[in-house]
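# Architecture and fold: a report
The chain contents come next:
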Amino acid sequence: MKKILITGAGGFIGSFLVEEGLKADWEVWAGVRKTTNREFLQDSRIHFIDLHFSHKSSLVKQLAEHVRIYGKWDYIIHNLGVTKSLNPKNFDTINFEYVCNFVKALQDVDAIPEKFVLMSSLSADVPEKEQTYYGRSKLNAEAFLSQQQNFPSLIFRPTGVYGPREKDYLLMLKTIKTGFDVAAGCQTQYLSFIYVRDLVNLIYTALLSPINKGTYAVSDGRVYTNEEYTKLAKEAMNKKRVLKIRIPLPIVKLVSVLAEDISRITQKPSTLNRDKYRIMKRRDWSCDISPIREKFAFDPQYDLKRGLEESVAWYQENGWL
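First, a word on scope: everything that follows refers to the structure included in this document. The model shown is predicted, which means the values in this text are computed figures rather than measured ones.

A tally of helices and strands in the protein yields eleven helices and 13 strands. The C-alpha atoms of the protein give a radius of gyration of 20 Å, which matches the 20 Å a tight globule of 321 residues would have. Dimensions of the protein, computed from C-alpha atoms along their principal axes, come out at roughly 60 × 40 × 35 Å. Relative to its full complement of 321 residues, the protein shows a buried share of 50%. Sequence-distant contacts, at least 24 apart, represent 78% of the contacts inside the protein between residues at least 6 apart. Looking at the protein as shown, the accessible area adds up to about 15,800 Å², and 51% of this sits on carbon and sulfur atoms. Computing the positive centroid from 46 side-chain charges and the negative centroid from 37, the protein places the two 5 Å apart.

Have a look at this one:
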C-alpha cells in the first residue's frame, strides 16, 4: 500500500486531496495543526500528524522517529501555505522557509519520497512589478526546490481554484445573489479557473507518471471575462438581474489600503489588502496548459459553467448560500 502525506490537509484543496488518496486505498497522512478545523477530515482511515516546520532541528527528530515507526512516505503533496496575513513576513516564513526546512529535513533523515509535489500558484508567474508578497514567496519556494539535486519534485501553479467548500469565490457568489456585480477596474479582466476535482485528478495522475521534474501552470484551458463569470454565476443561481458596479482602480487601491490598516487594529486579516489589490489590478490571468495536456494527458472535465453549477448546488444544499 502506497503511503502519502498531504500537508495543509485541513484547507479547501487539502481536504479533496485527502479524499482522493483514500479513494485510491492508500495510507493517507494528513498534515494539520492541532487547532485545525477537521470538518472535512472525518474518515477514520486518516492518519494525522502535526509537523514542526518552523524548527528544522525539531522537524528532523520528528521525521526520523516517524520513519523509524511507520517508514517513509512514498509521495508528499506540500499543500501548506498562507494566502493572507497581517504581517507580510509570514508569507516568506510559511510559504518559503517552511519548504526549505521540510525538504532539507527529508534529505537529512534519508526520507526522500518517490515524488514531492509543491502546490504553488499562478501568482508566482507574473512580472516583478506586479508581484505580490504571496506570489514572491511561492516563487522563492519554487526556485529552492528546482535547485535540489536528486530530489524528485513537481511544481504546479493553479490559477483560481474553486468548488464546494471554497470560501473566497463564495463571497463573490453571495454578492451576485444579493443583486450586485461588483468588479475592480473599468477595463475587461481576463480570468482563468480550475475546478478543484480536475486539479486533484491532475495531481494524482502526475504522482503516478514517470515525470519527476518541472513547473506547470494549471487551468481548465479556457479564458473568461469578468462579465462571463457573472453571467454563468447568475445562471447557476437562477438570478435574473444584477446591478453592474465598476469601481475605478485608484478607489479600489485606497479602500484596500484602508482595509489593511483597519485589519492591523482589529488583528483580523482582511480580504482586501495591498496584495489583493495587485491581483485585482492585473487584467490578464490567462495561462498556457499545453505542457500538462502533453505530459499528463490532462483533459479537464469541468468548464466554468459546469463547475459553478455543481458548486452552487453544494453551497445551497449545505446552507452556505
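Below, the discussion takes up the sheet that holds strand E1 (residues 3-7). The strands that make up a sheet pair up through hydrogen bonds in the backbone, lying either parallel or antiparallel. In space, the seven strands of this open sheet follow the order E3-E2-E1-E4-E5-E6-E11, with parallel pairing throughout. Across the chains shown, the open sheet's two edge strands, defined by having one partner strand only, are strand E3 (47-49) and strand E11 (215-218). The mean angle between the axes of side-by-side strands here comes to 20°, regardless of whether they run parallel or antiparallel. As judged from the four bridges shared by strand E5 (residues 115-119) and strand E6 (residues 153-158), these two strands associate in the parallel manner. Residue pairing across strands places Leu118 opposite Ile155, the latter belonging to E6. Sheet contacts for helix H6 (residues 196-207): E1, strand E4 (75-78), E5, E6 and E11; angle to E5, the most-contacted strand, approximately 155°.

Let's shift gears to a nonpolar patch on the surface. Taken together, the side chains of Phe180, Val182 and Leu243 make up a nonpolar region of the molecular surface, amounting to roughly 260 Å² of accessible area. Tracing the backbone shows Phe180 in strand E8 (residues 180-184). The class for Phe180 is partly exposed, based on a relative accessible area of 37%.

Quick look at the pairing of E6 now. Counting buried residues in E6 gives six out of six residues, a clear majority hidden from the surface. Because side chains alternate across E6, one face comprises the buried residues Ser153, Ile155 and Arg157, and the other comprises Leu154, Phe156 and Pro158, equally buried. Here E6 pairs with E11 via four bridges, running parallel. Residue pairing in the sheet places Phe156 in a bridge with Tyr216 of E11.

Glancing now at the pattern of salt bridges. The full count for this structure, using the stated rule, is 15 salt bridges. For Arg157, the salt bridge goes to Asp125, with nearest N and O atoms at 3.8 Å. Note that Arg157 is positioned in strand E6 and Asp125 in the loop between E5 and helix H4 (133-146), a separation of 32 residues in sequence. Arg157 sits in the buried class, given a relative accessible area of 13%. Among the ionic contacts, a cluster of salt bridges with common partners joins Lys231, Glu235, Lys305 and Glu309.

Turning next to empty space enclosed by the protein. Take a probe with the size of a water molecule and roll it over the atoms, and the empty space left behind shows itself. Scanning all chains against the criterion turns up one cavity of 30 Å³ or more. As a volume, the largest cavity reaches approximately 30 Å³. Lining the largest cavity we find Leu232, Glu235, Ala236, Lys305, Leu308 and Glu309. Among the residues forming the lining of the largest cavity, the class breakdown is three nonpolar, no polar and three charged.

Thresholds, definitions, all that
Residues numbered from 1 in each chain as written. Predicted model: local features only at pLDDT ≥ 70, side-chain atom pairs only at ≥ 80, totals over all residues. Heavy atoms only, no water. Helix = DSSP H or I, 4+ residues; strand = E, 2+ residues; numbered from the N terminus. Rg over C-alpha atoms; globule rule 2.2 N^0.38 Å. Buried < 20%, exposed > 50% of the residue type's maximum accessible area, 1.4 Å probe, protein only. Contact = heavy atoms within 4.5 Å. Areas by Shrake-Rupley, 256 points an atom, 1.4 Å probe, with all protein chains shown as cover. Lys, Arg positive; Asp, Glu negative; His and termini not counted. Charge placed at Lys NZ, Arg CZ, Asp CG, Glu CD. Pairing = 2+ DSSP bridges. Axes fitted to C-alpha atoms, helices over the stretch in contact; angles between N-to-C directions. Patch = residues over 30% accessible without salt bridge, like charges linked within 9 Å, V, L, I, M, F, W, Y side chains within 5 Å. Salt bridge = Lys/Arg side-chain N within 4 Å of Asp/Glu carboxyl O. 1 Å grid on protein atoms, 1.4 Å probe; cavity = no way out; pocket = protein on both sides within 12 Å on 5 of 7 lines; lining within 4 Å. Points joined across faces, edges and corners; volume = space filled by probe spheres on them. Nonpolar A, V, L, I, M, F, W, Y, C, P; charged D, E, K, R; others polar.

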